[in-house]
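Commentary on secondary and tertiary structure
In case you want the letters, here they are:
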Amino acid sequence: MQKKIQSALISVFYKDGLEPIAKKLQELGITIYSTGGTQKFLEDLGVTCVPVESLTTYPSILGGRVKTLHPAIFGGILGRRYEAQDLAEMKEYKIPEIDLVIVDLYPFEETLRTTSEEKLIIEKIDIGGPSMIRAAAKNFRDLVVIAAKDDYASFEKLLTEQKGETTLEQRKAYAAKAFEVVMHYDIAISNYFNPGMQQVLRYGENPHQSATFHGNLSELFTQLNGKELSYNNLVDVDAAVQLIQEFTGSKQSVFGIIKHTNVCGIAERATVKQSWDAALAGDPESAFGGVLVCNNSIDKATADAINEIFFEVLIAPAFDADALEVLKSKKNRILLQLKTLDAQLKAPSKSLLNGVLEQGADVGNYSKWEEVGGRPSTDAEKEDLIFGNLVCKHLKSNAIALIKNKQLVGKGCGQTSRIDSLRQAIDKSRQFNFDLKGAVLASDAFFPFNDCVQIAHAAGIEAFIQPGGSVRDKDSVDYCVTNGLAMVMTGMRHFKH
């Protein structure tokens, strides 16, 4: 649906880039309504303007706080040209139709960066601007809204090529951008008034990068000791909490060690101390400087053992008083008491390119349990396969986890080929003198060839769990059948990038 622009309202804080559009509008014979500084800027360019005061019959008042908040303005923007009642009321009250709104917003974020004086900051909270932008965007069927100077050039080109006409698709696209502008603006203001929801960090992933955390950590943790959490701490703490939530229903103690978001040690045992000892034994080198997490209360025996290594963060649902006394001996050591093991975490998202990518959480372990090997898995193997598949889920792809007696004894992650991850996992197990006879293997995705199964078998592994889905699944299955190995297909992939 083509619409010809016959009138425009222009009221902007930033004037750069506006001149070509204003002159093109005048060239096309379009009536321009404007306010204060924008009106003067346009008139200095030789562009004829109609002051909004001629519509509202009110001057700009309250120090400029009220200029356009008037039915004569908002009626012209919100009036539906396809509704006879709207048109009749606009005619009765002498409200002109407005076909184009070019409005930007007071520089709130820029002001925050230059001053901490509240009076100045408050005055840069725009009221009329967002209201006009939202109104114009809502009524995109009848008018076009330009809410960002980044769109000036493309809109001026459109005006020239289409001789002042716009399509419904174009108007809707500009409306979508306008709502994004207002949303970003409102979030910035909300963050200012809710400082507990915004925490400026010392730096980002590296010292030369700035960083801010948006959220309320006190909903999840009580910090019992230590320095402020850093960007890297927060990333690993998130990985640690996601890991331990897999074991909320466990009747035994599970201890995990996270390094650069990957699991480098984890074990399930009858006591907290035993689970710590087994988790650490899986890779005592990588545990240095790691983030530790447990699903049970930390007792003194465990605290004494943990106190022997350097770590950044320890997370647990509770701490015995004598354990805390030991752990607080290092003032910078971060101790977080997790308020609940089943806390609702935000769905995964990441900013990339010119947008944000969102997805649902990777919930669950397997969608089916299909024994496809040369024999069914034993009860002991099945427990390790279930445990291993959960651990593998928290390793960067391509991921391989080697498990024996519910202990991570070797892992390979972040490699560009699955076979490289397997080799890394076997090498890691040998580095710490683990016997892989009786161990099981979990893979986050299918085996594209049977080479991984062959190499793992040669190392002593006799049971495998994988999602399946390769066009060559049969190669790995046939090898297991021929050699009497157990293999389970789950139907659920666990990529992590």
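Just so we're clear, the structure is a prediction, and the values are computed from it rather than from any experiment. (Residues numbered from 1 in each chain as written. Predicted model: local features only at pLDDT ≥ 70, side-chain atom pairs only at ≥ 80, totals over all residues. Heavy atoms only, no water.)

1. A few points about the pairing of strand E3 (residues 31–34)
As defined by bridge partners, strand E2 (residues 7–11) adjoins E3 across 4 bridges and the pair is classed as parallel. Residue Ser 7 lies in a different strand from E3, and its bridge partner there is Thr 31. Taking the sense of rotation as the criterion, the β-α-β connection linking E2, helix H1 (residues 19–27) and E3 turns out right-handed. Here E3 pairs with strand E4 (residues 50–51) via 2 bridges, running parallel. The residue bridging Tyr 33 from the neighbouring strand is Val 50, located in E4. With respect to chirality, the unit in which E3 leads through helix H2 (residues 36–44) into the neighbouring parallel E4 is right-handed. (Pairing = 2+ DSSP bridges. Helix = DSSP H or I, 4+ residues; strand = E, 2+ residues; numbered from the N terminus. Right-handed = clockwise from strand over helix to strand, strands pointing away.)

2. Quick notes on the sheet that holds strand E13 (residues 290–294)
The sheet built from 6 strands is open, its strands ordered E10-E15-E14-E13-E11-E12 with mixed pairing. Because the sheet does not close on itself, it has two edges, and the strands there are strand E10 (221–225) and strand E12 (262–269). If you compare each strand with its neighbour and ignore which way they point, the axes differ by 20° on average. Where E13 lies against strand E14 (residues 311–316), 4 bridges are found, and the strand directions are parallel. Bridge assignment links Val 293 to a residue of E14, and that residue is Ile 315. Of the strands in this sheet, strand E11 (253–259), E12 and E13 are in contact with helix H12 (residues 272–282), which crosses E11 at around 35°. (Axes fitted to C-alpha atoms, helices over the stretch in contact; angles between N-to-C directions. Contact = heavy atoms within 4.5 Å.)

3. Quick word on the nonpolar core
Core analysis: the biggest nonpolar cluster contains 42 residues, and Val 237, Ile 266 and Ile 315 have the highest contact counts within it. The greatest single-element share of this core, amounting to 7 residues, is contributed by helix H11 (residues 231–244). In contact with Ile 315, not counting residues within four places along its chain, are Phe 221, Val 237, Ala 240, Val 241, Val 291, Leu 292, Val 293, Cys 294, Leu 336 and Leu 338. Listed in part, the 29 residues of the second largest apolar core include Tyr 33, Ile 73, Phe 108 and Tyr 185. (Core = buried A, V, L, I, M, F, W, Y, C linked by side-chain atoms within 4.5 Å. Buried < 20%, exposed > 50% of the residue type's maximum accessible area, 1.4 Å probe, protein only.)

4. Regarding the state of the cysteines
Going through the model one piece at a time under the given rule, you end up with 0 disulfides. Among the cysteines around Cys 413, which has no disulfide bond, Cys 264 carries the closest sulfur, lying 9.3 Å off. Cysteine Cys 452 remains unbridged, with the sulfur of Cys 392 as its closest cysteine sulfur at 11 Å. Here Cys 452 falls in the buried class, since its relative accessible area comes to 2%. (Disulfide = S-S within 2.5 Å.)

5. So, the layout of surface pockets
Estimates place the volume of the second largest pocket at around 620 Å³. Residue lining of the second largest pocket: 19 residues in total, with Glu 109, Ala 147, Ala 148, Val 181 and His 184 positioned closest to the centre. For the lining of the second largest pocket, the secondary structure elements donating two or more residues are helix H6 (108–114) and helix H10 (168–193). Counting residues per element, the lining of the second largest pocket draws most heavily on H10, at 6 residues. (1 Å grid on protein atoms, 1.4 Å probe; cavity = no way out; pocket = protein on both sides within 12 Å on 5 of 7 lines; lining within 4 Å. Points joined across faces, edges and corners; volume = space filled by probe spheres on them.)

6. Here we look at the sheet that holds strand E18 (residues 370–371)
Read from one edge of the open sheet, 6 strands run E18-E23-E22-E21-E19-E20, paired in mixed fashion. Each edge of the sheet is formed by a strand with only one pairing partner; in this case those strands are E18 and strand E20 (408–412). Note: strand E19 (residues 400–403) against E20, 4 bridges, orientation antiparallel. When the sheet's bridge partners are listed, Ala 401 is paired in E20 with Lys 411. Sheet strands in contact with helix H18 (residues 473–483) are strand E22 (463–466) and strand E23 (486–489), and its direction is about 150° off that of E23.

7. A closer look at the packing of helix H8 (residues 128–138) against H10
Two elements in contact, H8 and H10, have axes separated by 9 Å at closest approach and are oriented at 150°. Classified by the interaxial angle, the pair formed by H8 and H10 is roughly antiparallel. As H8 runs across H10, the sense of the crossing is left-handed. Side by side, H8 and H10 meet where Pro 130, Ile 133, Arg 134, Ala 137 and Lys 138 of the first sit next to Ala 175, Ala 178, Phe 179, Val 182 and Tyr 185 of the second. Looking at the contact of H8 with H10 residue by residue, the class counts come to 8 nonpolar, no polar and 2 charged. (Parallel < 35°, antiparallel > 145°, perpendicular 65-115°, else oblique. Left-handed = near helix turned anticlockwise from the far one by under 90°. Nonpolar A, V, L, I, M, F, W, Y, C, P; charged D, E, K, R; others polar.)

8. Some points on the confidence of the model for the chain
Residues with a pLDDT of 70 or more make up 99% of the chain, whose mean pLDDT is 91. When mean pLDDT is compared element by element in the chain, E19 scores highest at 98, while helix H3 (residues 53–56) scores lowest at 77. (pLDDT = per-residue confidence, 0-100.)

9. Considering the side chain of Thr 261
Note on placement: Thr 261 falls in the loop between E11 and E12. Leave out the neighbours within four places in its chain, and Thr 261 touches Val 235, Asp 236, Ala 239, His 394, Lys 396 and Lys 496.

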